[in-house]
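# Residue-level structure breakdown
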Amino acid sequence: MKGRAWKFGDDVDTDAVIPGRYLIFNTPGELAKYTFEGVRPDFAKNVHENDIVVAGSNFGCGSSREHAPLALKGSKVSCVIAKSFARIFFRNAINIGVPVLECPDTDKIDDGDELEVDISTGVIQNRTKGETYQATPLPDFRKPVPKKS
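Anyway, here's the lowdown on the structure attached to this text.

Calculation criteria
Residues numbered from 1 in each chain as written. Predicted model: local features only at pLDDT ≥ 70, side-chain atom pairs only at ≥ 80, totals over all residues. Heavy atoms only, no water. Axes fitted to C-alpha atoms, helices over the stretch in contact; angles between N-to-C directions. Helix = DSSP H or I, 4+ residues; strand = E, 2+ residues; numbered from the N terminus. Parallel < 35°, antiparallel > 145°, perpendicular 65-115°, else oblique. Left-handed = near helix turned anticlockwise from the far one by under 90°. Contact = heavy atoms within 4.5 Å. Polar contact = N/O pair within 3.5 Å; in protein donor to acceptor, adjacent residues only side chain to side chain. Phe/Tyr/Trp six-rings, centres within 6.5 Å; stacked < 30°, edge-to-face > 60°. Buried < 20%, exposed > 50% of the residue type's maximum accessible area, 1.4 Å probe, protein only.

### Points about the packing of helix H4 (residues 67-74) against helix H5 (residues 87-96)
Closest axis-to-axis distance for the H4/H5 pair is 9 Å, and the angle between their directions is 45°. Compared by their axis directions, H4 and H5 come out oblique. Handedness of the crossing formed by H4 with H5: right-handed. Contacts between H4 and H5 involve Ala68, Pro69, Leu70, Leu72 and Lys73 on the former and, on the latter, Phe89, Asn92, Ala93 and Ile96.

As structure tokens, this is what we get:
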């Protein structure tokens, strides 16, 4: 996976990912239009397919609803990399097919850095800075299964 980093801080809750007023929508495509509207109003209009969300600790805290990973899936980000995740968000993301990786070095990644991520090994290459980071790879039984066309 190759894409541009969209950097966020610690404790990004599910309401920051998709504000509650948009919970009337239930499909990834509809939700994607409002992803991060309150914290990064430019996100939905400027995110590109395969871009990567990078955050600090406790990403996805808050409610247990699946709308947050659905919105990210609709935004076509390739994965989310964070120092840690709220447990329910982590499971929901995997169940919905949004790859999530825990990496202690997310503070070394800046907004706009070009990243290359190997989900199977957890290796993250920062092409902008010429650095490599190691994330915890997902065990095979937790990896999202690609949809067949």
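### Considerations on the side chain of Ser78
Among the secondary structure elements, Ser78 is positioned in the loop between H4 and strand E3 (79-82). A distance of 3.0 Å separates a polar atom in the side chain of Ser78 from the backbone oxygen of Asn50. Every residue in contact with Ser78, bar those within four places of it in the chain, is listed here: Met1, Asn50, Asp51, Ile52 and Pro99.

### Things to note about the packing of aromatic side chains
Here the structure, examined in full by the defined rule, presents ten aromatic pairs. Between the aromatic rings of Phe8 and Phe36, the centroid separation amounts to 4.1 Å while the plane-to-plane angle is 25°, which identifies the pairing as stacked. Within this pair, whereas Phe8 is found in the loop between strand E1 (2-7) and helix H1 (14-17), its partner Phe36 is found in the loop between helix H2 (28-32) and helix H3 (43-46), the two being separated by 28 residues in sequence. Taking 5.7 Å as the distance between ring centres and 55° as the angle between the ring planes, the aromatic pair formed by Phe85 and Phe90 counts as tilted. Grouping residues by exposure puts Phe85 and Phe90 together as buried.

### Structural notes on H5
Residues spaced three or four apart along an α-helix face the same direction, because each turn holds 3.6 residues. Where H5 is concerned, the buried positions are Phe89, Phe90, Asn92, Ala93, Ile94 and Ile96. For H5, the elements touching its buried residues are H1, H4 and strand E4 (100-102). One or two residues past the end of H5 sits Gly97, with phi positive at roughly 100°.

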